[in-house]
Structure formats: structure tokens, C-alpha cells
Amino acid sequence: MYSKFKIHHIYLLQIFLVFIVVILLSFKPNKEQILKYNSNVYLKNIPEPSDIVYDSQSNHFYIVSDHGKLFECANDGKIIRKAQKEGLDFEGVEVKDSFIYVSDETPRKVYQYRKSDLSLVKIFSVKCGGALNKAYESITYNYTKNCFVMISQQPAIIVEYDEQFNEISRKKFNIGRDISAARWYNGKFYIISSKDACLYVCEATKYDVQQYYKINVINAEGLAFDANGKMLITSDDLQRLYFFNQLPNIKQ
Amino acid sequence: MKKLLFLAIATIAITNLCNAQFSEFQRSDSSTSGFTFSSENNTMQIGGRVSGYYENRFLKTGYTNLSHNGWAVKDADLDLLGKTNNHFVYEFHISLVDIIAAAATQNTANPANPGFKAAYISYEGWKVHVKFGYDKLPFSQGSISDVYATPMWSHANLYGGDLFSRRDFGLTFNTRLLHNHINLYGGAYSGMGENFYEYGNDASGTFEYIGRIEYCFPGKMKYHPLDEENTQKPTFRIAANIRYEDKTQPTGQTIGVDAPGAYGLRIINGKRMVYGGDFIAKYKGFSYLFETDLMKLTPANATDPLFEGTSNAVNGGYIKAGGFVTGLNYNSDKLRSTFSVNYEDFKTDDLTVSEQSWLYFGYAYKVSGYNSVLKAEYYIPTKEATLTNPLKYSGQIRIGYQIVF
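Parameters and conventions
- Residues numbered from 1 in each chain as written.
- Chains lettered and ligands numbered in written order.
- Predicted model: local features only at pLDDT ≥ 70, side-chain atom pairs only at ≥ 80, totals over all residues.
- Heavy atoms only, no water.
- Helix = DSSP H or I, 4+ residues; strand = E, 2+ residues; numbered from the N terminus.
- Contact = heavy atoms within 4.5 Å.
- Areas by Shrake-Rupley, 256 points an atom, 1.4 Å probe, with all protein chains shown as cover.
- Pairing = 2+ DSSP bridges.
- Patch = residues over 30% accessible without salt bridge, like charges linked within 9 Å, V, L, I, M, F, W, Y side chains within 5 Å.
- Salt bridge = Lys/Arg side-chain N within 4 Å of Asp/Glu carboxyl O.
- Buried < 20%, exposed > 50% of the residue type's maximum accessible area, 1.4 Å probe, protein only.
- Phe/Tyr/Trp six-rings, centres within 6.5 Å; stacked < 30°, edge-to-face > 60°.
- Axes fitted to C-alpha atoms, helices over the stretch in contact; angles between N-to-C directions.
- Polar contact = N/O pair within 3.5 Å; in protein donor to acceptor, adjacent residues only side chain to side chain.

Draft legend 1. Expanded view of the overall build of chain B. What chain B contains, in helices and strands, is five helices and 17 strands. When contacts within chain B are restricted to residue pairs at least 6 apart in sequence, long-range pairs at least 24 apart make up 64% of them. Only carbon and sulfur atoms are counted for the fraction: they give 63% of the accessible area of chain B, which is about 17600 Å².

Here it is, written out as C-alpha cells:
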């Protein structure tokens, strides 16, 4: 015979189990399109690669590391040269004209390097008041609006800057739990959420999401498109570079 | 039961209210993040958390003290974390709740929670990171992981601090090898654990030594028990760790009265070794955890109370204790929910009938991740150690809210 107290527990257990069943039954899974990478390489000498960008002039890539290092790399990820001036926590990289721009997340700075010799030209300060390591993990140039765009990781705020990194505007990006990479490419704006393992394809003016894909990369941190429009993603924790085919046509 | 009914209604109301205030479009509101300040060479973040719950104990017949049927403040923490441009990191983390409780009770309420949670500097400019100061010890996955990032309100008993200390003052070395697959820790500590601030070093003049080795696949893993990333590829970590100290006291010297803890196991007059291993696997929102921690205690004195009055022929000059914890979690961000169930079984010595086991259920409704979350925990003892830890209750429920900023 059950005591009063055991009956209490059986009731509570039953309530708990019914609660779980009700919540699970209310869940309708979405059919999500999953993009799978075709190949990958281990970036042996680039610790925690956090972003990558393609330079059409040299046909090389620039990769930055969480350890505050900037590398120029060949198409297979092999290091060609490295910038002497290091930062603290490089998380985003962009190429524009003769310069490379790097986001140093922790101290909220943007390093401007000269592409020809990887020498440091200038350091800009940018404002981001969130948590220490939840600031700008991305930097890209939006050629649709002619401005730099940096997105804070969490909360995700899209901030537009002029070429002297004076703030132009900011707006919340309400989709995705965090933002770890962004890239303007061919009139579209591509954003990666590492936590959601998701690639969002946005129009490049208001950053409204037009399409999204799940990606099978753990800790996706960097995003680039090569000369053929093929997508590359870096993973910092796994220290790998993933190669994808071209994205499927985007539904308008 | 009226209180529970009231609480259930209030919970539903709060949840709906929260939905209204923190809609899908405001889930990443900046108020749930830390505040960061930068100078030319220094960046510092101010963060913390505030939480509280309602708890209800189901008392056994004959017990009338309802002091655990009411409100409780869990956290009022303040955390300063800074980095310098020359690769130094420093942290200063205090629990205002614990400090006030310690001050109001002359540190008798909970001596193992003095209010300091971290006070250290570390250098991360080398391949081997060096940390000096007071912080969590690199021992036990369950201890290292933050409980606030789970549906539970407290750690399991095995690694909750009663059997071995979770924090201490000392020197820690840490490095990663083999493409970040291997993570190594080693360090020397005071051995006084959380009681370091109350007593300082003990009279033995010796350290406690700790070592931990982890293998992670496919790469580096954080100490987070849940699969909030909804990992599309299976990931796991397996680890082994050990800690050893010889705190045999010089003649006439004793260890501070609070330091050994509720079971007398956290530090002893003699030799003490704790060893164990842990495992975590994550895949598509599910995470499975297992941990075992075992202890061998060799008191210096044959009449030590830990021997429970047994002769050397019976006890062999040592006592064994420890056990295991296993758990399964499912996290769904579409449901904004996490479901957890944990089970633990452990002994506080092998000379008496001291085995106890507990079953824990947890649920979290995430308004904005674990930065703003409603948590409910319900646990019951499935085996009670009536001799060493007699309980006045047969179960407990806690429902509350947590803000991390």
C-alpha cells in the first residue's frame, strides 16, 4: 500500500511525463534543406581559424585566427605568408581595394592591413557593449549599399560603417541564436549562425532573410566564396576548412 | 498542494507574460548580455546572474518544519572578466547571496560557500596556459560545468561539493595537443578547497595535486552538458582525472573544523586520493552524460571517526567512497525547451550502509536561451542512507526563474 507521500510522487511523475508528451506532440518538424560539404582540409598551422575571405586579384584566401593572427593562404589552405602585427582575438576578415580589414573581437577594434606587404596601416575602434566574446565575429563590405557591415555575435546587431568606421546605422537581426560569419556576394548577403548550424541568404538592403539552409559543419565561424562561386566555411574548434559546391538557386 | 497549484498557475501566467515581453523578435535582447568596456590595452566585461525559486519539500510523517516550503534566492552573482592586450586574463566572481549569508551567520550557514567563486589571473600567450589564483578545479565534468546552463537548480550530490572540493587556490597548467583532440590539465592547490578563505593553508605544508586528460571528437568541446547547437554529427568527450593529497597533520595540529564537510571527506588528516572519469556525447539535441568518482582515504590515525570504530583487521587502514552519475538531456530550440533526467548512486564510506541514490527530473522553458529561463526541478531519493544521511523528506520540487546578464 502506498503512503501519502509516495502517492504525491507518482502524481507528480505522471504530470511530468504527460507534460513532456504534450510538448513533444505539439512539435511539428520542419523539412529543412541541409547543405553538405564536399571535402575538407585540416589547417595545420592556423590555430582556431575564425574567418576566411577570397581575394580575386591574387586568387588567394585570407584567413584569420582566434589567436590574433592573419594569414594569406593558397586555395588548398596552405600558408603563403603571415602578417607581423598580431591582435588579440581576430574573428572577421574582409578585402577591399588594396587593404585587408580584420575585426578584433575582444578589444572592439578593426585592423587595416596593406595587402601588398601585410603591414598594419591603421587601427579603428568600433563600439559594441555586449559580452566580452559576443561582439563582432564578422566584417564584410556591402557593395549594394557601399558600406562595411559588422554583426555582433549575440545579440545579433547588424551595424553599418563608412570607410573610416563611423557608424551609419544599426538594426537587430532577429533570426538565429548567434551570428558567427557574414559575407556579401553577388548582390546577396549571407549570414551564418554557428549555434543553429544555419546559413541565411538575405537581400542586401534590409537584410531580410529569403532562404536558409542547415549546414553540416560544427562551429562554423567563417564564410567565403571563391572565383567559381563555390562556398567555403571554416570551423575554429575543429581547425578545418570545408569546401561546398555552389549554392542551389535561391527562391525569390 | 494549494501552494503548488498557485505556483502552477503563476508559472503559466509568467510564461505567457514573458512571451509577450520577450517575443520571437526580442529573444536576443541586449539586456541579457554582459557589459563590456574597452581601453587602449584592456577590455573588461561585467556580467552576473540573478535567480530564485519556490521550493516544496514533501516531508515524512512526523516532521513539521516547513522552512523549505517557500521562496529561496539562488543567485545574485557579479562577475568581472578582463583581458589585456598582452594575453593576460583575469576574473573576479562573487556571490552576494553567499557573502551576506556568511556575514549574517559568522560563516556558519554554509562554510563551503564563502562567496568567492573566482579570483585569478592567467596568461594565455603561450602554448601552455598558466592560471594562478582561486577558481574551479579541473576535476569532474559535472563540477566544471555550470549548473545554471541546465534545467537543474543544483549539482548532483556526487560532484556538488560534499565529497570533494570544487574550487581551490593554486596553480593550473593547461594545454591542447593533437589537433585539439587532447586536452591536458595539471596543477597544485592548497587542498583546503572552498574553506581556503576561512583557514588559509593547513598545517601539513603540502599541496593537493590534480591531473586531468580529455579526448574530444571530432574536436574541441566546451563544458556544456546540453546540445544547444543541435549537432548534426555525433560529438563526444571522454576524460580521466585524479587528485591526491597527503594532509597528515603535525603533532598537535588539526584541520579547520568546517573543512572536512558534511561527510568528513573533503580533506582528512591523512592521505586522500580521488580518481574517476567522465563521458559526454551529443547528437541532434540529445546529450548523454556519465561520470564516476571514487575515493580512497587513508587516515593517519587508527581511531579516526571515518573508520566508524572498526578495527584495522576490518577496515584495512583505509575507507572507500564514491559512485556515479548518469543523465540524458534533450534540447529543442523550436520548443524553447530542455528536458533532463539524471540518476546518481554513491556511498560516503564502505564500512557502513551509506549507499544513497537519487533521481532528478528537470525542465527549462527558455525565453531567451539560458539568459532568461524558467526552470523546474523535481528530485526524489530512490535509496536512502538512513544511518549516515537520514532524510526528513521524500522528495522536493523547485520552480523558479533565472536571468544571466
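Draft legend 2. Geometry of the sheet that holds strand β16 (residues 188-193) of chain A. Residue and element names in this part refer to chain A. Judged by pairing direction, the sheet is mixed, and its five strands sit side by side in the order β1-β18-β17-β16-β15 without closing on themselves. Strands with a single pairing partner mark the edges of an open sheet, and in this sheet they are β1 (34-35) and β15 (181-185). Sheet analysis places β16 next to strand β17 (residues 198-203), joined by six bridges and oriented antiparallel. Following the sheet pairing, Tyr190 is matched in β17 by Val201.

Draft legend 3. Seen up close, a nonpolar patch on the surface. Residue and element names in this part refer to chain B. Residues Ile121, Val128, Phe132, Leu171 and Phe173 make up a contiguous nonpolar surface patch of about 410 Å² in total accessible area. Note on placement: Ile121 falls in strand β5 (residues 116-123). Owing to a relative accessible area of 45%, Ile121 belongs among the partly exposed residues under this scheme.

Draft legend 4. Focus on the side chain of B:His224. Structurally, B:His224 can be placed in the loop between β9 (208-217) and β10 (235-246). Leave out the neighbours within four places in its chain, and B:His224 touches B:Ala149, B:Ile280 and B:Lys282.

Draft legend 5. Quick look at the pairing of strand β14 (residues 167-172) of chain A. All names here are of chain A. When strand β13 (residues 157-161) meets β14, the two strands line up antiparallel, connected through five bridges. Counterpart to Glu160 in the pairing with β14 is Ser169. Counting the residues that bridge the hairpin from β13 to β14 gives five residues, and of these Phe165 lies at a positive phi of roughly 60°.

Draft legend 6. The arrangement of the packing of aromatic side chains in detail. With the rule as written, the count across this model stands at 45 aromatic pairs over all chains. Aromatic side chains B:Phe207 and B:Tyr209 sit 6.3 Å apart centroid to centroid with 85° between the ring planes, which places their arrangement in the edge-to-face category. Under the relative-accessibility criterion, B:Tyr209 is labelled partly exposed at 46%. Ring plane angle 55° and centroid distance 5.9 Å describe the contact between B:Trp358 and B:Tyr379, whose orientation is recorded as tilted. Here the residue B:Trp358 occupies a position in strand β15 (residues 356-368), and B:Tyr379 occupies one in strand β16 (residues 372-383), the gap between them amounting to 21 residues. For the pair B:Trp358 and B:Tyr379, one class covers both residues: buried. These aromatic residues form a ring-pair network of at least three members: A:Phe99, A:Tyr101, A:Phe124, A:Tyr136, A:Tyr141, A:Tyr143, A:Phe148, A:Tyr161, A:Phe165 and A:Trp184.

Draft legend 7. Just the pattern of salt bridges, in detail. All names here are of chain A. Within this structure, the stated rule accounts for 36 salt bridges over all chains. We note a salt bridge from Arg81 to Glu72, for which the minimum N-O separation is 2.4 Å. Under the relative-accessibility criterion, Arg81 is labelled partly exposed at 26%. For Glu72, a relative accessible area of 5% translates into the label buried. Residue Arg183 is joined to Glu94 by a salt bridge in which the shortest nitrogen-to-oxygen separation is 3.4 Å. With a gap of 89 residues between them, Arg183 in strand β15 and Glu94 in strand β7 (residues 90-96) connect regions that are remote in the sequence.

Draft legend 8. Layout of the sheet that holds strand β20 (residues 230-235) of chain A. Residue and element names in this part refer to chain A. Sheet architecture is open: four strands sit in the order β2-β21-β20-β19, paired in antiparallel fashion. At either end of the open sheet lies a strand with only one pairing partner, and these are β2 (39-42) and β19 (220-225). Each neighbouring strand pair of the sheet contributes to a mean axis angle of 20°, computed without reference to strand direction. Relative to strand β21 (residues 240-246), β20 is paired through five bridges, and the arrangement is antiparallel. Bridged to Leu232 within β21 is Phe243.

Draft legend 9. Local environment of the environment of B:Tyr197. Residues and elements named next belong to chain B. Mapped onto the elements, Tyr197 comes out in helix α4 (residues 196-199). Note on Tyr197: relative accessible area 35%, which makes it partly exposed. Through-space distance from the C-alpha of Tyr197 to that of Phe116 is 8.7 Å; in sequence the pair is 81 residues apart. With near-sequence residues (within four places) excluded, Tyr197 lies in contact with Pro114, Phe116, Ala119, Tyr134 and Phe169.

Draft legend 10. Looking closely at the environment of A:Gly68. Residues and elements named next belong to chain A. Checked against the element boundaries, Gly68 lands in the loop between β4 (60-65) and β5 (69-73). For Gly68, a relative accessible area of 0% translates into the label buried. The sequence separation of Gly68 and Glu48 amounts to 20 residues, and the corresponding C-alpha distance is 9.8 Å. Discounting residues that sit within four places of it in the chain, Gly68 has contacts with Glu86, Gly87, Leu88, Asp89 and Phe90.

Draft legend 11. Region of the structure containing the side chain of A:Arg177. Of note, A:Arg177 is situated in the loop between β14 and β15. Side chain to side chain, A:Arg177 and A:Asp196 meet in a polar contact 2.6 Å long. A polar contact of 2.3 Å, which involves the side chain of A:Arg177, links it to the backbone oxygen of B:Glu228.

Draft legend 12. Highlighting unusual backbone geometry. Following A:Gln154, the chain continues to A:Pro155 via a peptide bond in cis, the omega torsion being 0°. Considering the arrangement of structural elements, one finds A:Pro155 in the loop between β12 (147-152) and β13. Here the amide bond leading from B:Phe217 into B:Pro218 is cis, since omega sits at 0°, within 30 degrees of zero. Phi angles above zero are rare outside glycine, and A:Gln239 is one such case at about 55°. Take A:Gln239: it is sitting in the loop between β20 and β21. The class of A:Gln239 is buried, set by a relative accessible area of 6%. One non-glycine residue with positive phi stands out, namely B:Asn230, at about 50°. Positionally, B:Asn230 belongs in the loop between β9 and β10.

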